[in-house]
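Single-letter residue listing:
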Amino acid sequence: MNLLISALGVLGVASSGPLIAGTLGATSVTALAIAFWRNAIGAVVMAAPVAIRTPRQIGRVTRREFGWSAFAAVALAFHFACFITALQLTSVAAATALVCLQSAWIAVFQLFRGTRHRWPVLVGLGTAFGGVVAITGFDMGSSPEALLGDVLALAGGALAGLYTLAGGKARQTMGTGTYTALCYGMCAALVAVMALVAGQPLSGFDAGGWLGIIAITVCAQLVGHTAFNHLLATMSPLVVSMIILLEIPGAAILAAVFLNETLPGGTYAGLALILVGLAVVVIGQRRGRIEEDRREAELGAD
């Protein structure tokens, strides 16, 4: 079952970049409107089964669960603001690859918390960020806008890492429906405030714009994000991040097919470096965790 959920999740998130870029380019829909509606609709859809089957469950949310859900919602809101804006400035493939650095950011955050990583993790981090340098170097030569888009996508990746870590904490004791309804709902509220401050309308779009919003919500939010939030209950954030890496080639292929997006050869090399580096990071961290568990088991046996 986890394999099927993972496959659906990858397909959902891989479609996110191309769908968002196509909607922003062909309609009057704004970046924050996409972020608001995908979360608002997602919250209602996920809350409905909880309200019908276990209406008291939301009222039983503890202070700890609410705190981690709120932290995840804030990180998710700013992640969307950065990533969706980046898609207006740089290529879908570059933005997707840079935002998928969340597993590398998780490793970096763990370093700041005193975690000692094995050497493969450090090598993987270096390789992944080498890919970042390659992509941003080529975009620096193409246009300042593309470089700004790369920076925003990079920030979006860091925020996605925080969102994944916080979601993993919340999902230790919360059901998928309760957590996603609460997280998506708080995220939508925060994005609405951001849109008000930025002066970006949340309504008044044509039929094509609303169709794009619905497609993004169903594919990326309800299928993609919800699938990975479900997996956080049975898999570690690092393993989930590993699966999300498949979004990088998936988004690049979809953008090439449906948006006729072509990239310099150096950018493709950067994408490959990021993909390889992130794979090494996650595998190295997983092996390190297995060794730690083995040592703890041996000490317990003694």
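Our subject is the structure that appears above.
Read on for a plain summary of the structure. (Residues numbered from 1 in each chain as written. Predicted model: local features only at pLDDT ≥ 70, side-chain atom pairs only at ≥ 80, totals over all residues. Heavy atoms only, no water.)

On a plain count of helices and strands, the protein comes out with 12 helices and zero strands. Counting from the amino terminus, the protein carries its helices and strands in the arrangement α-α-α-α-α-α-α-α-α-α-α-α. Expected size for 302 residues packed as a compact globule is a radius of gyration near 19 Å; at 19 Å, the protein falls within 12% of this value. When the backbone C-alpha atoms are referred to their principal axes, the protein occupies close to 70 × 55 × 35 Å. Burial statistics for the protein: of 302 residues in total, 51% are counted as buried. (Helix = DSSP H or I, 4+ residues; strand = E, 2+ residues; numbered from the N terminus. Rg over C-alpha atoms; globule rule 2.2 N^0.38 Å. Buried < 20%, exposed > 50% of the residue type's maximum accessible area, 1.4 Å probe, protein only.)

The next subject is the packing of helix 4 (residues 92-99) against helix 7 (residues 144-170). Remark: helix 4 packs on helix 7, axes separated minimally by 7 Å, with the N-to-C direction vectors making an angle of 30°. Between helix 4 and helix 7 lies a crossing of right-handed hand. In contact with Ala-94, Ala-95, Leu-98 and Val-99 of helix 4, helix 7 contributes Asp-150, Ala-153, Leu-154, Gly-156 and Gly-157. (Axes fitted to C-alpha atoms, helices over the stretch in contact; angles between N-to-C directions. Left-handed = near helix turned anticlockwise from the far one by under 90°. Contact = heavy atoms within 4.5 Å.)

Our next topic: the nonpolar core. Note on soluble globular proteins: their nonpolar side chains tend to be buried together. Within the largest apolar cluster, 81 residues are counted, with the highest numbers of intra-cluster contacts made by Ile-20, Ile-84, Leu-101, Tyr-163, Phe-228, Ile-274 and Leu-278. Sequence-distant contacts of Ile-84, defined by excluding residues within four places in its chain, comprise Ile-20, Leu-24, Ala-31, Ile-34 and Ala-35. (Core = buried A, V, L, I, M, F, W, Y, C linked by side-chain atoms within 4.5 Å.)

Quick look at a nonpolar patch on the surface now. Taken together, the side chains of Met-1, Leu-4, Leu-8 and Leu-11 present a nonpolar region at the surface, about 470 Å² in accessible area. Here Leu-11 is to be found in helix 1 (residues 2-26). What makes Leu-11 exposed here is its relative accessible area of 60%. (Patch = residues over 30% accessible without salt bridge, like charges linked within 9 Å, V, L, I, M, F, W, Y side chains within 5 Å. Areas by Shrake-Rupley, 256 points an atom, 1.4 Å probe, with all protein chains shown as cover. Salt bridge = Lys/Arg side-chain N within 4 Å of Asp/Glu carboxyl O.)

The next thing to look at is the packing of aromatic side chains. Applying the stated criterion to the full structure yields six aromatic pairs. Plain terms: the ring middles of Trp-105 and Phe-109 are 6.1 Å apart, the flat faces sit at 25° to each other, and that makes the pair stacked. Linking Trp-105 with Phe-109, this pair stays in helix 5 (residues 102-112), spanning four residues, or about one helical turn. Of the residues examined, Trp-105 reaches a relative accessible area of 19% and is grouped as buried. Grouped by ring-pair contacts, the aromatic residues Phe-36, Trp-37, Phe-205 and Trp-210 constitute a single cluster. (Phe/Tyr/Trp six-rings, centres within 6.5 Å; stacked < 30°, edge-to-face > 60°.)

In this section: the side chain of Ser-91. Inspection of the secondary structure assignment puts Ser-91 in the loop between helix 3 (63-86) and helix 4. A polar contact of 3.1 Å, which involves the side chain of Ser-91, links it to the backbone nitrogen of Ala-94. (Polar contact = N/O pair within 3.5 Å; in protein donor to acceptor, adjacent residues only side chain to side chain.)

Here we come to the environment of Ala-220. Looking at where Ala-220 falls in the secondary structure, it is placed in helix 9 (residues 207-231). Exposure remark for Ala-220: the relative accessible area of 0% places this residue in the buried category. When the C-alpha positions of Ala-220 and Leu-8 are compared, they lie 9.9 Å apart, and in sequence the two are 212 residues distant. Setting aside chain neighbours within four positions, we find Ala-220 in contact with Gly-12, Ser-15, Ser-16, Arg-38, Ala-215 and His-225.

If you trace the backbone, Ile-244 turns up in helix 10 (residues 237-244). Of the residues examined, Ile-244 reaches a relative accessible area of 8% and is grouped as buried. Distance from Ile-244 to Phe-228, taken between C-alpha atoms, is 8.4 Å for residues 16 residues apart in sequence.

Between its terminal C-alpha atoms helix 8 (residues 176-198) stretches 32 Å, which fits the 33 Å expected from 23 residues at 1.5 Å a residue. Immediately beyond the C-terminal end of helix 8, within one or two residues, lies Gly-199, with a positive phi of roughly 75°. (Expected span 1.5 Å × (residues − 1).)

Applying the stated criterion across every chain, the model contains two cavities of 30 Å³ or more. Every element with two or more residues in the lining of the largest cavity is listed here: helix 1, helix 3, helix 7, helix 9 and helix 10. (1 Å grid on protein atoms, 1.4 Å probe; cavity = no way out; pocket = protein on both sides within 12 Å on 5 of 7 lines; lining within 4 Å. Points joined across faces, edges and corners; volume = space filled by probe spheres on them.)

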